[in-house]
Amino acid sequence: MERHAAAVKKEFREDVTLNRVTKFARTAPPKFPSAARQYLLDKLPIIQWIPRYSPPWLLQDFMAGLTIGVLLIPQGLAYAKIATIPIENGLYSCWVPAAVMVFMGTSKGKMATYLSTGPTSILGLLTAEIIRDLKNEYTPVDISSAVAMMVGIWSLLIGLLGLGFLLDYVSIPVLTGFISATAFVIGMGQVASLVGLSGGPDGAFNQLGDALKRLPHWDGPTCGIGFGTVVVLLILEKIGKKWGHKHFAIKYMASSRAIIVMVIFTLISYLVNKDRDDYLWAISEVDTHGIQHPKAPSAVLLGKVTARSIAPLVACTLEHQAVGKAFARRNHYAIDQTQEFNYLGVTNIVNSFFGAMPVGGAISRTAVNSECHVKSPLNGVVTAGFIILTLYVFSPALYWLPKSTLAAIIIMAVIHLFGPLSLIWRYWRISLADFIACMVSFWVTIFVSAEIGIGAAAGWSVAWTLLRSAFAKPSIHINSAPDSSPNADSSNGPPDFQVLDRFPTATTTTLTQQMTENVGGPIIPDDTAVVRFADSLFFPNANRNKVAALEAIQLAYPSVQNPHYSVESERLWSVAAERRLERLRAQRGVVMRQIPLAVVVWDFGMVPFIDATGITALTELKDDIRRQLGFGVQIRMVGMAEGVRRRFGRARWRLADVDGLMDGGADVVYPSLERTVWDERDRDSLKGVTTEKA
């Protein structure tokens, strides 16, 4: 018995799982306060940036906040019209996102301060499709609030669980086709309101055909207001493009053209219709009485929209991330994808209690925010305050807003969402699969629905990826036989084998989770980093490869101030990103080198395939390396398969062989890793000079 007891004790003492739990229980409590503090700082960045706020920034933050607040009025009304909810509920959807941004936004650090969140046209269309199917059971406002609640819950779960990588399966071509199709559907849906027609069929092409068939029945005064709005919008846009760079006031006027036409034609509508019992054209009849009392969506309704809210979730998060990343690159800062999901989640959940529709990032307002040189999230206080002031004070004037003016604002807003034909042609050149995905997304969205359109295109992309993985043909290398001669006929050997006298060493310095010593391969110079891609570079892993490579290089090499990129000095006070790098260096035991980076080698030896998203990610990686680690850093490539190199050529990426004609503006391709890392450092310094290699 004692022997059995001793055996049991030994088993428990040596049990791996039990030892891990015991160790965690012993070490976790002392670390909890510091971990909780760090978590709070990450999720509520206001704690970090508010003590560093500089009073001179107050004026620019005030102007930016006021400008966004002014823009949100016509856009909120217009996108609520697309969602088929009372248009005043579009205003109810606008103030919470700005208020939450104050607490959860950072100043050009981890989260995009420039990013303006609110109602969008795409979310309006997706919400309208859900309302159309459930409107016989619930009111449109209740349905839109429930959708907003579920979008917020899904976003928060994705952010907390770190599941944002799932959205990588929706590729850039899919998103391009989807956004272009939704723009077309939304625009065609507003034609009837633009020309004063009522009723009409469903479907974008049916609506266009019906409007043309009923041309004799177009209402003259309504057409005058609608097309007059279009003309004024076009004129203001042209003025901004031609003379906006000469004076800020002109640029500001052009950016605020939607509110200008709304004021002009609302005033005309009031003067014409105020004494009429039968209005000359249809008016919006906006009726608000301040902020709505909070009301939670019903549990039964939430259950019915749980699955249907996935499409708005995908559209919301993808559009939000795309806008955030675009302006982060333009203004040279980084965004934290997890924090963006948390922000979207909190915003939509809180918004759902006030009769709102789902919200996300909008490119037009974000562009204006960027042009206003916003300095901190404090501009959200002004934006939220202006919207609330409008709800309580200015809303009676919106009663006379013509519906045709609202339709014109919508049409002119979505017309810029169409993907240019050059971009579609680029997909055709680079990858037929990407082109098909774009077309599936576009045409299914137009003829079936937006939900099924993005789902079908994403399904095609996943199926194509699985097919490529299932039918991938390996390349097998063997050494040449000892008695073989250079003139020997290799046709007798196995056709699937490639004779290789010397197999290139694959193991080099690994730039992933840990920095390791070079083992078995060529010695890597101190000023050189080798990035060896371990699989195909395509839409599910392209961004992950880019982020991992850049972060690992930043851990090992110092940043170099780059004169080719103008970064305002006031941005340097946001130290969140640098502190994170310091924390990672300490955790991983990485010692930063004392010399700057000179060469980055991209080893494509295990990359049999690359798509448009992969090439875009490499373009961004190259730019990020030269921006953050030195403009003179050379990008060298080795091990490129013929098919991969053809994709680079079709993407107009300039490449040159090291033994061929050398173009100073091209990236150099080498035949071996040894030669890549040890070739002279000044090879790529000849800008605009073409020479013959001796």
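What counts and what doesn't
Residues numbered from 1 in each chain as written. Predicted model: local features only at pLDDT ≥ 70, side-chain atom pairs only at ≥ 80, totals over all residues. Heavy atoms only, no water. Helix = DSSP H or I, 4+ residues; strand = E, 2+ residues; numbered from the N terminus. Buried < 20%, exposed > 50% of the residue type's maximum accessible area, 1.4 Å probe, protein only. Contact = heavy atoms within 4.5 Å. Areas by Shrake-Rupley, 256 points an atom, 1.4 Å probe, with all protein chains shown as cover. Expected span 1.5 Å × (residues − 1). Phe/Tyr/Trp six-rings, centres within 6.5 Å; stacked < 30°, edge-to-face > 60°. Arc of directions from axis to C-beta. Pairing = 2+ DSSP bridges. Axes fitted to C-alpha atoms, helices over the stretch in contact; angles between N-to-C directions. Parallel < 35°, antiparallel > 145°, perpendicular 65-115°, else oblique. Left-handed = near helix turned anticlockwise from the far one by under 90°. Salt bridge = Lys/Arg side-chain N within 4 Å of Asp/Glu carboxyl O. Core = buried A, V, L, I, M, F, W, Y, C linked by side-chain atoms within 4.5 Å. pLDDT = per-residue confidence, 0-100. Nonpolar A, V, L, I, M, F, W, Y, C, P; charged D, E, K, R; others polar. Patch = residues over 30% accessible without salt bridge, like charges linked within 9 Å, V, L, I, M, F, W, Y side chains within 5 Å.

### Remarks on the overall build of the protein chain
Each helix and strand counted, the protein chain has 28 helices and 11 strands in total. The 694 residues of the protein chain split such that 49% are buried. In the protein chain, once contacts between residues fewer than 6 apart in sequence are set aside, the share between residues at least 24 apart is 80%. In the form shown here, the protein chain has an accessible surface area of approximately 33600 Å², with 63% of it arising from carbon and sulfur atoms.

### Structural notes on helix α12 (residues 220–243)
The end-to-end C-alpha distance of α12 is 34 Å, a good match for the 34 Å that 24 residues give at a rise of 1.5 Å each. Those residues of α12 that fall on the buried side of the exposure criterion are Thr222, Cys223, Ile225, Gly226, Thr229, Val230, Leu233, Leu236, Glu237 and Gly240. Taken together, the buried residues of α12 touch α10 (191–195), α13 (248–255), α14 (257–273) and α20 (403–414).

### So, the packing of aromatic side chains
The full count for this structure, using the stated rule, is 20 aromatic pairs. Between Trp95 and Phe354, the ring centres sit 5.4 Å apart and the planes meet at 70°, which makes this aromatic pair edge-to-face. Taken as a pair, Trp95 in helix α6 (residues 95–104) and Phe354 in the loop between α17 (337–351) and β2 (360–361) lie far apart in primary sequence, 259 residues in all. The pair Trp95 / Phe354 is uniform in exposure class, with both members buried. Judged by centre distance (6.1 Å) and plane angle (15°), the ring pair of Trp460 and Trp464 falls under stacked. On the criterion of helical spacing, the pair formed by Trp460 and Trp464 is a turn pair, its members being 4 residues apart in helix α23 (residues 450–470).

### Details of helix α11 (residues 204–213)
Every buried residue of α11 is listed here: Ala204, Asp210 and Ala211. The buried residues of α11 occupy an angular sector of 130° when projected down its axis, which confines them to one face. Within α11, the exposed residues directed more than 90 degrees away from the buried face are Leu212 and Lys213. Looking at the buried residues of α11, the elements they touch are α9 (172–189), α10 and α22 (432–447).

### Remarks on the pairing of strand β10 (residues 667–670)
Neither face of β10 is left uncovered, since the one carrying Asp667 and Val669 and the one carrying Val668 and Tyr670 both have all their residues buried. As defined by bridge partners, strand β7 (residues 634–638) adjoins β10 across 3 bridges and the pair is classed as parallel. Bridged to Val638 within β10 is Tyr670. Pairing of strand β8 (residues 655–657) with β10 involves 3 bridges; the strand directions are parallel. When the bridges of β10 are listed, Leu655 appears paired with Asp667.

### Regarding the packing of α9 against α22
Between α9 and α22, whose axes approach to 7 Å, the crossing angle comes to 25°. Taken together, the axis directions place α9 and α22 in an arrangement best described as roughly parallel. The two elements α9 and α22 cross, and the hand of that crossing is right-handed. In this structure, α9 contributes Pro173, Val174, Gly177, Phe178, Ser180, Ala181, Thr182, Phe184 and Val185 to the contact, and α22 contributes Asp434, Ala437, Cys438, Ser441, Phe442, Thr445 and Ile446.

### As for the pattern of salt bridges
Applying the stated criterion across every chain, the model contains 14 salt bridges. Among the ionic pairs, Arg532 bridges to Asp603, the shortest N-O distance being 3.5 Å. Note that Arg532 is positioned in strand β5 (residues 528–532) and Asp603 in strand β6 (residues 599–603), a separation of 71 residues in sequence. Owing to a relative accessible area of 31%, Arg532 belongs among the partly exposed residues under this scheme. A salt bridge links Arg645 to Asp657, with the nearest nitrogen and oxygen atoms 2.7 Å apart. Placement of Arg645 in helix α27 (residues 642–650) and of Asp657 in strand β8 is noted, with a sequence separation of 12 residues between them.

### Details of the pairing of β6
Counting buried residues in β6 gives 5 out of 5 residues, a clear majority hidden from the surface. Because side chains alternate across β6, one face comprises the buried residues Val599, Val601 and Asp603, and the other comprises Val600 and Trp602, equally buried. Pairing of β5 with β6 involves 5 bridges; the strand directions are parallel. Paired with Val531 across the bridge in β6 is Trp602.

### Considering the nonpolar core
The tendency in soluble globular proteins is for nonpolar side chains to be buried as a group. Grouped together as the largest cluster of nonpolar side chains are 108 residues, with contacts concentrated most on Ile73, Leu77, Ile143, Phe178 and Val305. Counting 36 residues, the second largest nonpolar core, distinct from the first, contains Ala549, Leu550, Ala612 and Leu618.

### Quick look at the sheet that holds β6
If you trace the 5 strands from one edge of the open sheet to the other, you get β5-β6-β7-β10-β8, paired in parallel fashion. If you trace the sheet from one side to the other, it starts and ends with β5 and β8, each paired once. The average undirected angle you get between the axes of adjacent strands in this sheet is 30°. Across 5 bridges, β6 lies against β7 in parallel orientation. When the sheet's bridge partners are listed, Trp602 is paired in β7 with Met637.

### Quick look at the environment of Thr445
Structurally, Thr445 is set in helix α22. The exposure class of Thr445 is buried, given its relative accessible area of 3%. C-alpha of Thr445 to C-alpha of Phe184: the two residues are 261 residues apart in sequence and 9.7 Å apart in space.

### Description of the confidence of the model for the protein chain
Taken residue by residue, the protein chain gives an average pLDDT of 79. The fraction at 70 or more is 85%. When pLDDT is averaged over each helix and strand of the protein chain, the minimum, 30, is found for strand β11 (residues 690–692) and the maximum, 92, for β7. Note that residues 107–112 has pLDDT below 50 and, in this model, 39 contacts with residues that lie over four places away or in other chains. Within the model, pLDDT remains below 50 along residues 565–574, and this stretch shows 19 contacts once partners closer than five positions in the same chain are excluded.

### Some remarks on the packing of α9 against α20
Contact geometry of α9 with α20 gives a least axis separation of 9 Å together with a crossing angle of 160°. Between α9 and α20, the crossing angle belongs to the class labelled roughly antiparallel. Considering how the two elements wind past one another, α9 and α20 form a crossing that is left-handed. Across the interface between the two elements, Ala183, Ile186 and Gly187 from α9 touch Ile410, Ile411 and Val414 from α20. Counted by class, the contact of α9 with α20 contains 5 nonpolar, 1 polar and no charged residues.

### Topic: a nonpolar patch on the surface
A cluster of nonpolar side chains, namely Ile264, Leu267, Ile268, Tyr270, Leu271, Val272 and Leu280, defines an oily patch on the protein surface of about 550 Å² accessible area. Mapped onto the fold, Tyr270 is located in helix α14. With relative accessibility at 35%, the residue Tyr270 sits in the partly exposed group.

### Examining the environment of Gly455
Tracing the backbone through its elements, the reader meets Gly455 in helix α23. The exposure class assigned to Gly455 is partly exposed, which follows from its relative accessible area of 42%. Separated by 10 residues in sequence, Gly455 and Thr445 place their C-alpha atoms 9.5 Å apart.

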